Number of protein chains: 2
Amino acid sequence: MSVFQVELKKVVDDSYEIEIGYQLENRLIEDLKNGLVGKIKKFAVITDSTVKELYADHIVTLLQEAGYQAREFVFTAGETSKTRKTKEEVEDAMLEAGFRRDCCIIAVGGGVVTDLSGFLAGTYGRGVPFINYATTLLAAADASVGGKTAVDTPLATNLIGLFNQPEKVYLDIAAWKTLPQRQLSSGMAETIKHACMADKEMFEFLEKHMEDIFAGDREACEYIAKKNCQIKYAVVMKDEKEQGLREILNLGHTVGRAIETVSDYRLLHGEALSIGMVAMTELAHRLGYMTEEEKTAVKNLLEKAKLPVEIPEYIDREALVKKLYTDKKVRDGKLRFVVEKGIGGIVEFEEGVFATPVEEAVARDIIMKMK
Amino acid sequence: MSVFQVELKKVVDDSYEIEIGYQLENRLIEDLKNGLVGKIKKFAVITDSTVKELYADHIVTLLQEAGYQAREFVFTAGETSKTRKTKEEVEDAMLEAGFRRDCCIIAVGGGVVTDLSGFLAGTYGRGVPFINYATTLLAAADASVGGKTAVDTPLATNLIGLFNQPEKVYLDIAAWKTLPQRQLSSGMAETIKHACMADKEMFEFLEKHMEDIFAGDREACEYIAKKNCQIKYAVVMKDEKEQGLREILNLGHTVGRAIETVSDYRLLHGEALSIGMVAMTELAHRLGYMTEEEKTAVKNLLEKAKLPVEIPEYIDREALVKKLYTDKKVRDGKLRFVVEKGIGGIVEFEEGVFATPVEEAVARDIIMKMK
Ligand SMILES: NC(=O)c1ccc[n+]([C@@H]2O[C@H](COP(=O)([O-])OP(=O)(O)OC[C@H]3O[C@@H](n4cnc5c(N)ncnc54)[C@H](O)[C@@H]3O)[C@@H](O)[C@H]2O)c1
Ligand SMILES: NC(=O)c1ccc[n+]([C@@H]2O[C@H](COP(=O)([O-])OP(=O)(O)OC[C@H]3O[C@@H](n4cnc5c(N)ncnc54)[C@H](O)[C@@H]3O)[C@@H](O)[C@H]2O)c1
């Protein structure tokens, strides 16, 4: 018997910039000219059927005008496209078009496009660089920090994927103007969650400027885009390996995710989260971590963002209680919740422990008594 | 416009051990008990339909006896299974069986099993640890160092995948005894290639002990398994990013890969490589880097390993010449070859350049004049 030691210790630098601004298409081209991805001259622009005409076509044209080889790969818009099958189809189309290891992927769209493209980039030729050009508030709020990329399978969402960091992220605020209101509101739910868990000042800003944001005010939009990045980044950096702290990003998601599923995805993720936030504040109140006023402030802000704050009639509340047990925070068969503390804080139950066991009876009672 | 900087610089340690020995099943169990993969208690053993009964079933039994939760996931043996579809089927079966992020994958088999399993492990739950228990000489010779994992697609072999390092690799020499002779010979081709490019002493050892290896002599088998690791490791370490040096591993592969394809995979990879090595030595001879005797020595050694050294009758030699252009070393439409220097060396044409342009007329002439 003999042993051979393979030594593979090295320094990896996956740092990248998130640029937040208004119509960043030309900034992207400039960056490429300035060597953002080295000498690469071949770009696969991946997008969905809605974003194609709105933004991606234009980017492809700009790339070509700048002398790059650029091809567009388009899949049907919507979460149902975030599958291994779509990944395979895009891969085959790229291979067919002669793309090999010497290319760079540019994802233009919302979280579905960036999640799928980032995953695809990570396994194409064992990894090619990718750039995210994010066109939704949700992608700005949540999907551009953390390096999570994935697709869904019939049995689990986001379970097949990779941690893979982009070369750069562009958050184009101008693109939010074409977003349907429900989509903008849905992204706002994650934004409000961030404020609730980490930043009272941001919460107050949102109370004051919600209309401005919906009206597309540049400064207000830039402010929240940047705040979102900062808050998520602070959490992710302190907890890269998905231990305790990252769980706080799950605030409101215990009930939220369950409602989303029980609604059979009639509710968008952010809409379900909004209802989950209301349930969570009630729990926080009962546990003594939020006052009646704070609870109301969160609810009012969600309503200002045109988000639902009541459980829709068609939801079977008993089914909802059962569904809580599929939450990934469940441990030894016990429900666990992340709990807000006042406005802009999270309860740390023990050192490094940010989720607390909650009796089913309590969770049920909250759900049954909610509007 | 504002810019947010995401800092992600860190030290990554992907080091691992390759243990080479005779019947290592119990060593694997010991290592797990000693914390090889931390507290993980759940194992997905991935294997193929041939290796299942020969080795994998036994490992599953040992795991279960040791108190671990272990399930076997089996796919049909053969290169044609190394696809995204098989990966998807195994993933779905694992999800169905309740495997989430808290598991470890153990690949038991040859290069097809370890390539597919390593890739699958890298994207399951955004990455779970994996262990390779390699049962073929080829896996020992080639697949256990370098971290390459991949699957094939209709348009390209090994192009969808990842660099992903295992927690540990076991090279079980006892398993070579059940390998069909053609498979053993095929693995021997890569072994001879390693000796040719880097180690004259190993070359002489092979000349002397080829029969012993085929007879399953432990010491001789251990020696070559270890040498293979050392040689490949030295190359891969010096060239992690697949720049120049790694190309030397391609010795003999320019013609080899082409014959493999033109034979429509009637020839195993190592068999095709063997013929490619003969073609390469002729080129080396013509370029003045190998003597007539050295050329003959390589050919004799390949024959000793029961490998073909002539182009089969059914091969269309013109088609073969054409096929050379699909080689990944082709640059600006020009064929490029890695060339052996004497026995145990490689020609460095310029600093860091290990492949040289070769006129098609020369390549054609060599192919046409070969037996
Ligand atoms: N990677 C992460 O860390 C992370 C975090 C949160 C969410 N996500 C993922 O993000 C996805 C949801 O993100 P999303 O809401 O952006 O989804 P999405 O990409 O499906 O976009 C929502 C809809 O808006 C359309 N659209 C996008 N930009 C538009 C624009 N500017 N104008 C008009 N229409 C536009 C899209 O075509 C789509 O129909 C989910 O799959 C979720 O899992 C990932
Ligand atoms: N990752 C890398 O760096 C790397 C390097 C070289 C080759 N490869 C890959 O490895 C694959 C070829 O490897 P391989 O030849 O081991 O292929 P393989 O896994 O298909 O094994 C060859 C055959 O032998 C059978 N077999 C395996 N072990 C046996 C045993 N002990 N006794 C009897 N039968 C046994 C298998 O069922 C299969 O039918 C290719 O897909 C190639 O791309 C990868």
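Keep in mind that this is a model prediction, so the values were computed, not measured.

Let's shift gears to the sheet that holds strand E1 (residues 2-6) of chain A. In spatial order, the strands read E1(A)-E3(B)-E10(B)-E7(B)-E6(B)-E4(B)-E5(B); together these 7 strands make up an open sheet with mixed pairing. What marks the edges here is a single partner per strand, and that holds for E1 of chain A together with strand E5 (69-75) of chain B. With direction set aside, neighbouring strand axes in the sheet form an average angle of 20°. Sheet contacts for helix H4 (residues 111-123) of chain B: strand E4 (42-48), E5, strand E6 (103-109) and strand E7 (130-134) of chain B; angle to E6 of chain B, the most-contacted strand, approximately 165°. Against the sheet, helix H8 (residues 218-238) of chain B makes contact with E1 of chain A together with strand E3 (16-21) and strand E10 (168-172) of chain B, and its axis sits at roughly 10° relative to E1 of chain A, the strand it touches most.

This brings us to the interface of chain A and chain B. Contacts between chain A and chain B engage 61 residues on the former and 60 residues on the latter. Here chain A meets chain B over a buried area of about 5800 Å², counting both sides, of which 56% is carbon and sulfur. Three residues, Phe4, Leu8 and Arg126 of chain A, lead the burial of chain A against chain B; their summed loss comes to 16% of the area buried on that side. For the pair chain A and chain B, the number of links is 6 salt bridges. Ionic pairing is found between Arg84 of chain A and Asp92 of chain B, a salt bridge with its closest N-O pair at 2.8 Å. At the surface where chain A touches chain B, the tally comes to 28 residue pairs in polar contact (both at pLDDT 80 or more). Sorting the residues of the side of chain A that touches chain B by element identifies E1, strand E2 (9-13), strand E3 (16-21), helix H3 (84-96), helix H4 (111-123), strand E8 (148-153), strand E9 (156-163) and helix H8 (218-238) of chain A as the ones contributing at least two each. When its residues are assigned to classes, the side of chain A that touches chain B shows 25 nonpolar, 14 polar and 22 charged. The sheet contact formed by E2 of chain A and strand E2 (residues 9-13) of chain B spans 5 bridges and is antiparallel. Counterpart to Lys9 of chain A in the pairing with E2 of chain B is Asp13 of chain B.

The subject of this paragraph is empty space enclosed by the protein. Under the defined criterion, the tally for this structure stands at 5 cavities of 30 Å³ or more. By volume, the largest cavity is sized at about 120 Å³. Listing elements by their share of the lining of the largest cavity, those giving two or more residues are H3 of chain A together with helix H3 (84-96) of chain B. Residue classes in the lining of the largest cavity are distributed as 4 nonpolar, no polar and 8 charged.

What follows concerns the relation of the copies chain A and chain B. After a rotation of 180° and a shift along the axis of 0.0 Å, chain A superposes on chain B with an RMSD of 0.0 Å. The transformation relating the two chain copies, once decomposed into turn and shift, fits a two-fold axis. If distances are taken from each C-alpha of chain A to the rotation axis, the shortest is found for Val11 of chain A, at 2.2 Å.

Here we take up the pattern of salt bridges. Residues and elements named next belong to chain B. In this structure the tally under the stated criterion is 60 salt bridges over all chains. With its nearest N and O atoms 2.8 Å apart, the salt bridge here joins Lys168 to Asp31. Remark: Asp31 occurs in helix H1 (residues 25-33) and Lys168 occurs in strand E10; sequence separation between them is 137 residues. For the pair Lys168 and Asp31, a shared accessibility class is recorded, and that class is buried. As a salt-bridge pair, Lys52 and Glu72 come within 3.7 Å of each other at their nearest N and O atoms. Of this pair, Lys52 sits in helix H2 (residues 51-65) while Glu72 sits in strand E5, placing them 20 residues apart in sequence. Judged by its relative accessible area of 24%, Lys52 is partly exposed. Here Glu72 falls in the partly exposed class, since its relative accessible area comes to 21%.

As a further point, take the packing of aromatic side chains. Aromatic ring pairs are reported here in terms of the distance separating the ring centres and the angle at which the planes meet. Residue and element names in this part refer to chain B. Across all of its chains, the model carries 12 aromatic pairs over all chains by this definition. Ring centres of Tyr289 and Phe349 lie 6.1 Å apart, and the angle between their planes is 90°; on these two criteria the pair is classed as edge-to-face. A residue pair is termed long-range when its members are at least 10 positions apart, and Tyr289 in the loop between helix H10 (269-286) and helix H11 (292-304) and Phe349 in the loop between strand E11 (336-337) and strand E12 (356-357) qualify at 60 residues. Here Tyr289 falls in the partly exposed class, since its relative accessible area comes to 29%. A relative accessible area of 26% places Phe349 in the partly exposed class. The lysine or arginine in question, Lys87, covers the ring of Phe119, its NZ or CZ lying 4.5 Å from the ring centre. It is Arg266 that lies over the ring of Tyr314; its NZ or CZ is 3.5 Å from the centre.

Next up on the list: the site of ligand 2. Residue and element names in this part refer to chain B. Taken together, 25 residues lie around ligand 2, and Asp48, Glu79, Gly111, Thr136 and Thr178 are the ones closest in. Within the side chain of Asp48, an N or O atom sits 2.8 Å from an oxygen atom of ligand 2. One of the side-chain nitrogen or oxygen atoms of Asn158 is found 3.4 Å away from an oxygen atom of ligand 2. When isolated, ligand 2 has an accessible area of 840 Å², and the protein chains bury 87% of it. At the level of elements, H2, H4 and helix H5 (137-143) are the ones that each hand at least two residues to the shell around ligand 2. Partitioning the shell around ligand 2 into residue classes produces 10 nonpolar, 8 polar and 7 charged.

Residues and elements named next belong to chain B. With their axes 9 Å apart at the nearest point, H10 and H11 run at an angle of 175° to one another. Relative to H11, H10 is oriented roughly antiparallel. Two secondary-structure elements touch here, H10 through Ser274, Met277, Val278, Thr281, Glu282 and His285 and H11 through Glu292, Lys295, Val298, Lys299 and Leu302. The class makeup of the residues in the contact of H10 with H11 is 4 nonpolar, 3 polar and 4 charged.

Before going further, it helps to spend a moment on the UniProt feature "binding site: NAD(+)" (unreviewed entry) in chain A. All names here are of chain A. Here the UniProt-annotated "binding site: NAD(+)" (unreviewed entry) positions come out as Gly111, Val112, Val113, Thr114, Asp115, Thr135, Thr136 and Lys148. Topologically, Asp115 is positioned in helix H4. Apart from the residues within four sequence positions on either side, Asp115 is in contact with Lys82, Lys148, Thr149, Ala150 and Asn158. With respect to the secondary-structure elements, Thr136 resides in the loop between strand E7 (130-134) and helix H5 (137-143). Non-local contacts of Thr136, meaning those with residues more than four positions away in its chain, are made with Gly109, Gly110, Gly111, Trp176 and Leu179.

Residue and element names in this part refer to chain B. Relative orientation of the contacting elements helix H7 (residues 200-214) and H8 amounts to 145°, with a least axis distance of 10 Å. As for the relative orientation of H7 and H8, their crossing is left-handed in sense. Mapping the contact onto sequence places Glu201, Met202, Phe205, Leu206, His209, Asp212 and Ile213 in H7 and Ala220, Cys221, Tyr223, Ile224, Lys227, Asn228 and Ile231 in H8.

This part is about unusual backbone geometry. All names here are of chain A. Even without being glycine, Asp264 reaches a positive phi, approximately 60°. By secondary structure assignment, the location of Asp264 is in the loop between helix H9 (253-262) and helix H10 (269-286). Classification of Asp264 as exposed rests on a relative accessible area of 62%.

Here is what the cut-offs are and how they apply
- Residues numbered from 1 in each chain as written.
- Chains lettered and ligands numbered in written order.
- Predicted model: local features only at pLDDT ≥ 70, side-chain atom pairs only at ≥ 80, totals over all residues.
- Heavy atoms only, no water.
- Pairing = 2+ DSSP bridges.
- Helix = DSSP H or I, 4+ residues; strand = E, 2+ residues; numbered from the N terminus.
- Axes fitted to C-alpha atoms, helices over the stretch in contact; angles between N-to-C directions.
- Contact = heavy atoms within 4.5 Å.
- Buried area = accessible area lost by both parts, 1.4 Å probe.
- Salt bridge = Lys/Arg side-chain N within 4 Å of Asp/Glu carboxyl O.
- Polar contact = N/O pair within 3.5 Å; in protein donor to acceptor, adjacent residues only side chain to side chain.
- Nonpolar A, V, L, I, M, F, W, Y, C, P; charged D, E, K, R; others polar.
- 1 Å grid on protein atoms, 1.4 Å probe; cavity = no way out; pocket = protein on both sides within 12 Å on 5 of 7 lines; lining within 4 Å.
- Points joined across faces, edges and corners; volume = space filled by probe spheres on them.
- Least-squares fit on C-alpha atoms with pLDDT ≥ 70 in both.
- Buried < 20%, exposed > 50% of the residue type's maximum accessible area, 1.4 Å probe, protein only.
- Phe/Tyr/Trp six-rings, centres within 6.5 Å; stacked < 30°, edge-to-face > 60°.
- Lys NZ or Arg CZ within 6 Å of the ring centre and 35° of its normal.
- Near = heavy atom within 4 Å.
- Areas by Shrake-Rupley, 256 points an atom, 1.4 Å probe, with all protein chains shown as cover.
- Parallel < 35°, antiparallel > 145°, perpendicular 65-115°, else oblique.
- UniProt positions renumbered as here; feature names shortened; annotations may be inferred.
- Left-handed = near helix turned anticlockwise from the far one by under 90°.

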